[in-house]
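Coordinates in review
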Amino acid sequence: MTGTVVRHAVVVRPADRPGDLGWIVQTHGEVYHRQFGWDADFEVLVARIVADYASAHDPAREAAWIAEVDGRRAGCVLLAADQEDGVARLRILLVVPEARGHGVGGRLVQECLRFAREAGYRRVVLWTNDVLASARHLYQAAGFALVDEQPHHSFGHDLVGQTWGLDLT
């Protein structure tokens, strides 16, 4: 008997449809609680990031994307201008567990980096936590390097925050 290869249609599109931003907040809260036991403080952080983006982003310099697998939302990422001139910040990357292994995360990161280059950024940075091993592998594969690590207590846990950076020039 031969194995059947199931191909899933993966599409990355702008996060511009009704419900997209709410989905980002809710799904982050639910997934991170299930996987890591993080409390609602994490969902509040994501809600603030999404609200800041939605209320004041510059479409020429900032964007958000939704990945869909077979027509269903399966992941997201956001790129925002950093406080430092010429630097963008990759934010709130997520791939739902049932969509992992289909290249969704890599596609989202690459879309973010493509946009950052076209928008003229010279560097992209991000902040994550060391327990997010899958995300870290995506960042490393895209060429990001670890810049700094700091222990902190957030979301109901002792964590190690990490800052990663990638020069685009």
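Here, the structure is the one placed above.
Let me sum up the structure you'll find in this document. As the structure is a prediction and not an experimental result, all values here were calculated from the model.

1. Overview of the state of the cysteines
In the structure shown here, the tally under the stated rule is zero disulfides. Cys76 takes part in no disulfide bond, and the closest cysteine sulfur, belonging to Cys112, lies 11 Å away.

2. Describing the sheet that holds strand β4 (residues 87-95)
Spatially, the seven strands line up as an open sheet ordered β1-β2-β3-β4-β5-β7-β6, and their pairing is mixed. Edge positions in the sheet fall to β1 (10-14) and β6 (145-154), since each of these pairs with one other strand and no more. Strand-to-strand twist of the sheet, defined as the mean angle between neighbouring strand axes without regard to direction, takes the value 25°. Each of β2 (63-69), β3 (72-81) and β4 touches helix α2 (residues 40-56); the most contacted strand, β4, lies at about 125° to it.

3. A word on the packing of helix α1 (residues 20-36) against α2
In contact at an axis separation of 9 Å, α1 and α2 are set at 160° when each is read in the N-to-C sense. The orientation of α1 relative to α2 falls into the category roughly antiparallel. As α1 runs across α2, the sense of the crossing is right-handed. Note on element contacts: α2 touches α1 through Phe42, Glu43, Val46, Ala47, Val50 and Ala54, opposite Leu21, Ile24, Val25, Gln26, His28, Gly29 and Tyr32. Looking at the contact of α1 with α2, its residues break down into nine nonpolar, three polar and one charged.

Parameters at a glance
Residues numbered from 1 in each chain as written. Predicted model: local features only at pLDDT ≥ 70, side-chain atom pairs only at ≥ 80, totals over all residues. Heavy atoms only, no water. Disulfide = S-S within 2.5 Å. Pairing = 2+ DSSP bridges. Helix = DSSP H or I, 4+ residues; strand = E, 2+ residues; numbered from the N terminus. Axes fitted to C-alpha atoms, helices over the stretch in contact; angles between N-to-C directions. Contact = heavy atoms within 4.5 Å. Parallel < 35°, antiparallel > 145°, perpendicular 65-115°, else oblique. Left-handed = near helix turned anticlockwise from the far one by under 90°. Nonpolar A, V, L, I, M, F, W, Y, C, P; charged D, E, K, R; others polar.

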